[in-house]
Amino acid sequence: MIIVLKKGATEQEIEHVAERIKSLGLAVHISKGKERTIMGAIGDEEKLSALPLEAIPGVESVVPILKPYKLVSREFRKEASVVDVLGVRFGETEVVVIAGPCSVENKESIVDAAKKVKAAGAKVLRGGAFKPRTSPYDFQGLGIEGLKLLQEAKKATGLPIISELMDPRDTELLCEYVDIIQIGARNMQNFRLLTEAGRTKKPVLLKRGLSATIKEFLMSAEYIAAQGNANIILCERGIRTFETATRNTLDLSAVPVLKEETHLPIVVDPSHAVGRWALVGPLALAAVAVGADGLMIEVHPDPENALCDGAQSLKPAKFAHLMEDVKKVALAIGRRV
Ligand code: PEP
Ligand code: MN
């Protein structure tokens, strides 16, 4: 249920409405917009029927949320929400670019990558420390050592950092190092992990599962939001289809569909979608054209010798060229990089 409060409702009135709802055993999530405050009452809505909400001072109207995802739905919040990561804002006019290698390999390489992607206009540095690999014999990431190296790269460039959380037991540790928690495609429905990420209040970038529908994707985001963490960035990274020409099939229609369904910002990762560096550029441009709030692109100083995903990684110079084109497309649709 959504409770829309009157324009100018006082803090006291808002608090009172929240207390009345909580006393019935429902959870309350408050969203303060520019114009007015909206309250989401989540739980057994039957219990609310005993409460004449519209009679409480400060309440303007009460509307049911019809979608199964509540807090992340457009019904709950009409305005686009903005996720702020140390001043880098996802969900506004700027198209925010996250770039860096698939995994952190050594200090020299991650600092080099960080400096180069920053010079080209990236605003966040990526780098996996805990890697979800299909084969147990492949490089699994440097773990905590990788997180420390990401910190070095942050110190050298000032770029906020994002890295993947694979195990709920590492949540606290990861949060000491990263500015955005990444939940990978393979863990999109790891509900314990989502719950832990939701408890942290850190920005979370949630990647779409390999075979997840948009509804399932948003239900996973709801798990994070239900814990009180509304700092969620969605990431479309390609889905499994019958097509084998590319690693996955980038579902670009997910971007405008998600814009209708949710107020959360959406970024697109063309690298994991296509799996080949030569195809990354065109899809990155298309993603911006369809309204993505950001991009995640794998860039490696030496893709030929990368320990992970070298085939889809752009060399820094190629990335810099691509960024010039990204700027042009962004400008053409009234955005900027
Ligand atoms: C990644 O971004 O490092 C990654 C493993 O991507 P995905 O979870 O989308 O496969
Ligand atoms: Mn990768």
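In this convention, every chain numbers its residues from 1, walking through the sequence in written order. To read the labels, note that chains go from A and ligands from 1, taken in the order they are written. Only residues with pLDDT of at least 70 are given local features in this predicted model, and only at 80 or more are side-chain atom pairs given and counted; all residues enter the totals for whole chains, interfaces and linings. Remark: hydrogens and water are excluded; side-chain values derive from all non-hydrogen atoms of the structure.

Time to look at the overall build of the protein. Put simply, DSSP H or I for four residues or longer makes a helix, DSSP E for two residues or longer makes a strand, and each gets a number counted from the N terminus. From N to C terminus, the protein includes ten helices and 14 strands. Across its three principal axes, the protein shows a C-alpha extent of roughly 65 × 45 × 40 Å. For the exposure calls, accessible area comes from a 1.4 Å probe over protein chains only, and a residue counts as buried if that area is under 20% of its type's maximum, exposed if over 50%, partly exposed in between. A buried classification covers 55% of the 337 residues belonging to the protein. Accessibility throughout is a Shrake-Rupley quantity obtained with a 1.4 Å probe, and a residue counts as covered only by protein chains that appear here. Surface exposure of the protein reaches about 14,600 Å², of which carbon and sulfur atoms provide 53%.

Let us look at the packing of helix α6 (residues 214-226) against helix α7 (residues 254-261). Helix-helix packing is described using two parameters, namely the angle between the two axes and the distance between the axes. One can describe the packing of α6 onto α7 by two numbers: an axis separation of 11 Å at closest approach and a directional angle of 50°. The orientation of α6 with respect to α7, classified from their angle, is oblique. When the axes of α6 and α7 are compared, the crossing they make is right-handed. Contacts between α6 and α7 involve I214, F217 and L218 on the former and, on the latter, A254, V257, L258 and E261. Note on residue categories: nonpolar means Ala, Val, Leu, Ile, Met, Phe, Trp, Tyr, Cys or Pro, charged means Asp, Glu, Lys or Arg, and polar means any other residue, Gly included. For the contact of α6 with α7, a count of residues per class yields six nonpolar, no polar and one charged. For helices, the axis comes from a line fit to the C-alpha atoms of the stretch in contact; other axes are also lines fit to C-alpha atoms, and the angle between any two N-to-C directions lies between 0 and 180 degrees. What sets the label is the angle itself: under 35 degrees gives roughly parallel, over 145 gives roughly antiparallel, 65 to 115 gives roughly perpendicular, and the rest give oblique. In this scheme the crossing of two helices becomes right-handed for a clockwise turn of the near helix relative to the far one and left-handed for an anticlockwise turn of less than a right angle. The contact rule is simple, with two residues in contact once any of their heavy atoms fall within 4.5 Å.

With that settled, the discussion passes to unusual backbone geometry. Backbone geometry places K201, a non-glycine residue, at a positive phi of 75°. Residue D309 is not a glycine yet carries a positive backbone phi of 55°. With respect to the element layout, D309 can be found in the loop between β14 (294-298) and α10 (316-332).

Of the protein atoms, only C102 (SG), H272 (NE2), E298 (OE) and D309 (OD) coordinate the manganese ion (ligand 2), at distances of 2.0 to 2.4 Å. Keep in mind that water is not among the atoms, so a site may look incomplete; donors are the N, O and S atoms within 2.8 Å of the metal, or 3.2 Å for Na, K and Ca. Written as a sequence motif, the donor arrangement for the manganese ion (ligand 2) is C-x169-H-x25-E-x10-D. With C102 in the loop between β7 (96-100) and α2 (107-120) and E298 in strand β14, the pair connects residues that are 196 residues apart, well separated along the chain. On the basis of relative accessibility, which here comes to 2%, the residue C102 falls in the buried class.

Attention now moves to the packing of α2 against helix α3 (residues 144-157). Running from N to C, α2 and α3 point in directions that differ by 40°, and their axes come no closer than 9 Å. When the axes of α2 and α3 are compared, the pair comes out oblique. As α2 packs across α3, the resulting crossing turns out to be right-handed. Here K107, I110, V111, A114, K115 and K118 of α2 lie close against α3, whose contacting residues are L149, L150, E152, A153, A156 and T157. A breakdown of the residues in the contact of α2 with α3 according to their chemical character gives seven nonpolar, one polar and four charged.

The next thing to look at is the site of ligand 1. Proximity criterion: a residue is near a molecule or strand once any of its heavy atoms comes within 4 Å of it. Near ligand 1, the surroundings consist of R126, K131, P132, E164, Q182, G184, A185, R186, K207, R237 and H272. The separation between an oxygen atom of ligand 1 and a polar side-chain atom of R126 is 2.7 Å. Between ligand 1 and K131, the relevant distance is 2.9 Å, taken from an oxygen atom to a side-chain nitrogen or oxygen of the residue. When ligand 1 sits alone it has 300 Å² of accessible area, and the protein chains cover 97% of it. Residue composition of the shell around ligand 1, grouped by class: two nonpolar, three polar and six charged. Each polar contact in these results corresponds to two N or O atoms within 3.5 Å; when the atoms are within protein, one needs to be able to donate a hydrogen and the other to accept it, and residues that are neighboring in sequence are counted only if both atoms are side-chain atoms.

Bringing the sheet that holds β14 into the picture now. By definition, two strands form a pair when at least two bridges between them are found by DSSP. Taken in spatial order, the eight strands of this closed barrel run β7-β8-β9-β10-β11-β12-β13-β14, and their pairing is parallel. Recorded for the sheet is a direction-independent mean angle of 25° between the axes of neighbouring strands. Note: strand β13 (residues 266-268) against β14, two bridges, orientation parallel. Note that in β14 the partner of V267 across the bridge is G294. Across the face of the sheet, α2 comes into contact with β7 and β8 (124-126) while running at roughly 145° to β8. Strand contacts of helix α9 (residues 277-289): β13 and β14, with the helix running at about 170° to β14, the strand carrying the most contacts.

As a further point, take the sheet that holds strand β1 (residues 2-5). Taken together, the four strands give an open sheet; going across it, the order is β2-β3-β1-β4, and neighbouring strands pair in antiparallel fashion. The outermost strands of the open sheet, each flanked by one partner alone, are β2 (27-32) and β4 (59-63). Direction aside, the axes of adjacent strands within the sheet are offset by 20° on average. Sheet analysis places β2 next to strand β3 (residues 37-42), joined by six bridges and oriented antiparallel. Residue pairing for β3: A27 is matched across the bridge by I42.

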